[in-house]
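Chain by chain, the residues:
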Amino acid sequence: MVSEKIAKLINEQIAHEQYAAQYYLSMSAWFSGKDLDGIANYFRVQSKEELMHADKMFDYLNDVGGEIIIGQIPKPPHEFENATDIFEKALAHEKIVTKSIFNIVKNANEEGDFATTSFLQWFINEQVEEEASASQYVTKIKMVCDNPSALYLFDQELSQRVFTPDTTA
């Protein structure tokens, strides 16, 4: 059985993941409006991944007997300065998510909740990958944003991304 404190933190994380999904969907819409459908696809896939993360947390909390309380999800912004602004905001948001997951792990460790710590290891590994990827895309968008041909190629690169549900966690 998971403690009320850990259940509360996981419920908050579920809401964070759902907000991230909406945030990335808003970013996708911005790029769609600029006819950059490949980059829009990238953020659409990001959105789906965040929902998958929320579902994993939901299922885990249910499995360990925690009370699931669906939190309110704020409306994400829909206006952005430019493509670089969006990628920088995406990276900043991933860092916030990482910090939140680390906080749950810290609290679980303090309580000796080894099941939650073990469960969250997948998310820690995922966040390392997410931050690295987001950082690389910030670098790339800064290189290509003023060059239409390079932006076209970057858009094409990101159009190849496909959502693949994870079955390992």
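This one's a predicted model, so the numbers in the text were calculated from it and none came from an experiment.

Examining the UniProt feature "binding site: Fe cation" (unreviewed entry) in the protein chain
Residues given the UniProt feature "binding site: Fe cation" (unreviewed entry) here are Glu17, Glu50, His53, Glu94 and Gln127. Sequence-wise these annotated residues cover 111 residues; spatially they are packed, their C-alpha atoms never more than 12.9 Å apart. Examined against the element boundaries, Glu17 turns out to sit in helix H1 (residues 4–33). If we skip the residues at most four places from it in the chain, Glu17 touches Glu50, His53, Ala54, Val97 and Ile101. Counting through the fold element by element, Gln127 comes out in helix H4 (residues 114–144).

Concerning the nonpolar core
Judged by nonpolar contacts, the single largest core of 27 residues is most densely connected at Met27, Phe31, Ile39, Phe43, Phe87 and Phe154. Of all the elements in the fold, those that place two or more residues in this core are H1, helix H2 (37–63), helix H3 (83–111), H4 and helix H5 (148–159). Element by element, the count of residues in this core is highest for H1, at seven residues. Excluding its chain neighbours within four sequence positions, the residues that come into contact with Met27 are Phe43, Phe80, Ile86, Lys89 and Ala90. Ranked by size, the runner-up nonpolar core spans 22 residues in total, among them Ile10, Ala54, Ile104 and Trp122.

Thoughts on the pattern of salt bridges
One pass over the structure, following the stated rule, counts six salt bridges. With a closest N to O distance of 3.0 Å, Arg161 and Glu49 form a salt bridge. Of this pair, Arg161 sits in the segment after H5 while Glu49 is found in helix H2, placing the two residues 112 residues apart along the sequence. According to the relative accessible area criterion, Glu49 is buried, its value standing at 13%. The partner of Lys106 in a salt bridge is Glu110, with the nearest N and O atoms 3.2 Å apart. A residue pair is termed a helical-turn pair when its members lie 3 or 4 positions apart in one helix, as Lys106 and Glu110 do in helix H3 at four residues.

Details of the packing of H4 against H5
At a closest axis distance of 8 Å, the pairing of H4 and H5 adopts a crossing angle of 150 degrees. Relative to H5, H4 is oriented roughly antiparallel. Pair H4 / H5 crosses with left-handed handedness. In this structure, H4 contributes Tyr137, Lys140, Ile141 and Val144 to the contact, and H5 contributes Ala150, Leu151, Phe154, Glu157 and Leu158. Here the residues of the contact of H4 with H5 sort into seven nonpolar, no polar and two charged.

Comments concerning the environment of His78
Within the fold, His78 resides in the loop between H2 and H3. In the structure, His78 is positioned 73 residues away from Lys5 in sequence and 33 Å away in space, judged by C-alpha atoms. Sequence-distant contacts of His78, that is, excluding residues within four places in its chain, are made with Ser26 and Trp30.

Overview of the packing of aromatic side chains
For the coordinates displayed, the defined rule picks out 16 aromatic pairs. Seen in terms of ring centroids, Tyr42 and Tyr137 are 5.0 Å apart; in terms of plane orientation they differ by 70 degrees. Their pairing is edge-to-face. One end of the pair, Tyr42, is in helix H2; the other, Tyr137, is in helix H4, and 95 residues separate them in sequence. The class for Tyr137 is buried, based on a relative accessible area of 14%. Ring pairs connect the aromatic residues Tyr19, Tyr23, Tyr24, Trp30, Phe31, Tyr42, Phe43, Phe87, Tyr137 and Phe154, which therefore count as one cluster. Cation over ring: Lys56 sits above Trp122, and NZ or CZ is 3.9 Å from the ring centre.

As for unusual backbone geometry
Here Asp35, not a glycine, exhibits a phi torsion of approximately 60 degrees, which is positive. Here Asp35 lies in the loop between H1 and H2.

Thresholds applied
Residues numbered from 1 in each chain as written. Predicted model: local features only at pLDDT ≥ 70, side-chain atom pairs only at ≥ 80, totals over all residues. Heavy atoms only, no water. UniProt positions renumbered as here; feature names shortened; annotations may be inferred. Helix = DSSP H or I, 4+ residues; strand = E, 2+ residues; numbered from the N terminus. Contact = heavy atoms within 4.5 Å. Core = buried A, V, L, I, M, F, W, Y, C linked by side-chain atoms within 4.5 Å. Buried < 20%, exposed > 50% of the residue type's maximum accessible area, 1.4 Å probe, protein only. Salt bridge = Lys/Arg side-chain N within 4 Å of Asp/Glu carboxyl O. Axes fitted to C-alpha atoms, helices over the stretch in contact; angles between N-to-C directions. Parallel < 35°, antiparallel > 145°, perpendicular 65-115°, else oblique. Left-handed = near helix turned anticlockwise from the far one by under 90°. Nonpolar A, V, L, I, M, F, W, Y, C, P; charged D, E, K, R; others polar. Phe/Tyr/Trp six-rings, centres within 6.5 Å; stacked < 30°, edge-to-face > 60°. Lys NZ or Arg CZ within 6 Å of the ring centre and 35° of its normal.

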